[in-house]
Amino acid sequence: MSRTTTDTEPTQSPPSGDHAFFGQPRGLMTLSGLEVWERFSFLGMQAILVLYFADTVARGGMGMEAGTAASVSAAYGTLVYLVSVAGGWLADRILGSYRAVLYGGILIACGHYAMAVPSDAMTWTGLGLISAGTGLLKPNVASMVGKLYRTDDERRDAGFALYYMGINIGAFLGPLVTGWLGDHASWHWGFSAAAVGMTLGLIQYVLGRRHLIGRKHSAEFALAPQAMRRAVRLIAAGAVVVAVLATALSLAGWLTMGRFVDVLTLVSVIAPIVYFVVMFRSPRVTAEERGRLRPYVVLFLASVVFNFILFQAYSTMMLLASTNARTEILGFHFPAGWYASALGAFEVALAPVVATVWARMGPRQPHASNKIAIGVILGGLSFLVMVLPTSGHSGDTYRMAAWWIVGSYLLLGLGDILLETSGMSATTKLAPKAFSGQTMALWFLSLALANGIQAQVVKLYGEVSTPAYFGVNGAIAVVAGVAVIAAAPWLRRTMHPVR
């Protein structure tokens, strides 16, 4: 008889007495360790990517205009998170979470090794591999964290805060290493360091796999064998068709970089709409689960607004830092890429504080929607702060004090902790059981949409005044955060019993 979703291995229940890792399940250490190295490689590379795009060809860069460099960098982020939808589906229906994360990590490592080769072709090949690998890894590793806890476990938000601290240890260390290598050796030496980091992450993930909940050889909602073979054939054929079509359009001169960016933005808008419709209409989703998806739409949009600001820490903020900020603090000189480490440093320092506060408050802690709203407001304020040092200058030769950008990143880092940890935790709670991995992917689609919007908006960077650019974007984010707070009573009611 064919094997269907009804006869797969039953889901393993999280043990309630596992407090081996700072009061959290031991598996959290394995998954956090993986994210340390994955973020080391991903954000270490991203911290220098826009600078590499914008640097002159003579200095080893690609010679793009600042706005184009920021737009292409954002488009790459869009692609990374769009692929996460396929990654969630593959984990749920074919691979299982453990293997999806493992294969994703291997693709990411191969992509970084490809980018270490000083060739434009290898750069684009590497970015494609990293996009595919991150799409497999990111939604599924976050879902695996959620499986470590029971739904009513009050350690859950604190656990996600510690997990996010692990992410930001990598976010802090990555730009330090890649930024120094990019400044003192070459951009491709920086990409090499990212490759080594991902390799180390894979090693510790495999060594700690026995502590993970729900690790299986098959998917939790596996397709029947015949349907699985058909799905694999369609995926392979689709990949070939897309590759051939893209190559043909590129050779014909139609698929330019600008059009590719525009297509990704369009897809980033359509994909979440389609995905929400599919989940709302699915017969696998119960009426109770469907009711909890409605408030999730609001949280999704809040994530889009915040991450539109956050991702510019690696695009427009990085370009601003490289041209109009001093690269010294107390007489110590540093590469411009190190500014990206400030964001990770603040999140490393603040994440355990936030985790401790939530753990001590227990059931008295703010509702998840309010945490997210405050995060969005802080993100907007981080941009509004930049209006002050960029105002009143007649040219682009000024240099602001480093503390302005560092202060902006402090606000952004605290907002990121509040929004992302609560958002990911709420996603695993609100997810329909039949779409567990895919709903986590839907959260990452909010990141794709944020990047897709950013890919268009950053084209204005350098075209409008810098104070206007940061002021308008920051004000929009603050207004969005206030709107979520205003909707808090409805959100609390419709998300119940999820807090």
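That block above? That's the structure.
The sections below set out a description of the structure shown in this document. This is a predicted model, so every value here is computed, not measured. (Residues numbered from 1 in each chain as written. Predicted model: local features only at pLDDT ≥ 70, side-chain atom pairs only at ≥ 80, totals over all residues. Heavy atoms only, no water.)

1. Digging into the overall build of the chain
For the chain, the count of helices and strands is 17 helices and two strands. In terms of overall size, the chain behaves like a compact globule, its C-alpha atoms giving a radius of gyration of 22 Å where 499 residues would be expected to give roughly 23 Å. Taking the principal axes of its C-alpha atoms as reference, the chain extends roughly 70 × 55 × 40 Å. The 499 residues of the chain split such that 56% are buried. (Helix = DSSP H or I, 4+ residues; strand = E, 2+ residues; numbered from the N terminus. Rg over C-alpha atoms; globule rule 2.2 N^0.38 Å. Buried < 20%, exposed > 50% of the residue type's maximum accessible area, 1.4 Å probe, protein only.)

2. Observations concerning the environment of phenylalanine 40
Note on placement: phenylalanine 40 falls in helix H1 (residues 27-54). Sequence separation of phenylalanine 40 and glycine 197 is 157 residues, and the distance between their C-alpha atoms is 6.3 Å. Among residues more than four places away in sequence, those in contact with phenylalanine 40 are Glu35, Met45, Gly170, Leu173, Gly174, Val177, Ala193, Ala194 and Gly197. (Contact = heavy atoms within 4.5 Å.)

3. Quick word on the packing of aromatic side chains
One pass over the full model with this rule turns up 16 aromatic pairs. Residues tyrosine 98 and tyrosine 205 carry aromatic rings whose centres are separated by 5.0 Å and whose planes lie at 20° to one another, so their mutual orientation is stacked. You can see tyrosine 98 sitting in helix H3 (residues 97-115) and its partner tyrosine 205 sitting in helix H6 (residues 187-207), a full 107 residues away along the chain. No difference in accessibility class separates tyrosine 98 from tyrosine 205, as the two residues are buried. (Phe/Tyr/Trp six-rings, centres within 6.5 Å; stacked < 30°, edge-to-face > 60°.)

4. So, the nonpolar core
Ranked by internal contacts, the top residues of the largest apolar core, which has 126 residues, are Met45, Phe53, Tyr163, Tyr205, Tyr339, Ile405 and Tyr409. With 13 residues, the top contributor of residues to this core is H1. The contacts of phenylalanine 53, once residues within four sequence positions are left out, are Met62, Gly63, Met64, Ala69, Val72, Ser73, Trp124 and Leu127. Counting residues in hydrophobic clusters, the runner-up holds seven residues, among them Leu90, Leu95, Ala100 and Ala231. (Core = buried A, V, L, I, M, F, W, Y, C linked by side-chain atoms within 4.5 Å.)

5. Brief notes about the pattern of salt bridges
Overall, the coordinates contain five salt bridges when judged by the stated rule. Aspartate 55 is the salt-bridge partner of arginine 59, the closest N and O atoms lying 2.9 Å from each other. Judged by its relative accessible area of 60%, arginine 59 falls in the exposed class. Residue classification places aspartate 55 among the buried positions, given a relative accessible area of 12%. Of the charged contacts in the structure, one is a salt bridge between glutamate 288 and arginine 292, with a shortest N-O distance of 3.1 Å. Separated by four residues within a single helix, glutamate 288 and arginine 292 lie in helix H9 (residues 287-310), roughly one turn from each other. Owing to a relative accessible area of 53%, glutamate 288 belongs among the exposed residues under this scheme. (Salt bridge = Lys/Arg side-chain N within 4 Å of Asp/Glu carboxyl O.)

6. Quick notes on the side chain of serine 73
Within the secondary structure, serine 73 is located in helix H2 (residues 66-95). Among the residues examined, serine 73 registers a relative accessible area of 2% and is labelled buried. Leave out the neighbours within four places in its chain, and serine 73 touches Leu49, Val50, Phe53 and Tyr314.

7. Re the packing of H9 against helix H12 (residues 368-384)
At a minimum axis separation of 9 Å, H9 and H12 run at an interaxial angle of 25°. Relative to H12, the element H9 is oriented roughly parallel. Of the two elements, H9 crosses H12, and the hand of that crossing is left-handed. Side by side, H9 and H12 meet where Leu299, Ala302, Val305, Phe306 and Ile309 of the first sit next to Ser369, Ile372, Gly375, Val376, Gly379, Ser382 and Phe383 of the second. For the contact of H9 with H12, a count of residues per class yields eight nonpolar, four polar and no charged. (Axes fitted to C-alpha atoms, helices over the stretch in contact; angles between N-to-C directions. Parallel < 35°, antiparallel > 145°, perpendicular 65-115°, else oblique. Left-handed = near helix turned anticlockwise from the far one by under 90°. Nonpolar A, V, L, I, M, F, W, Y, C, P; charged D, E, K, R; others polar.)

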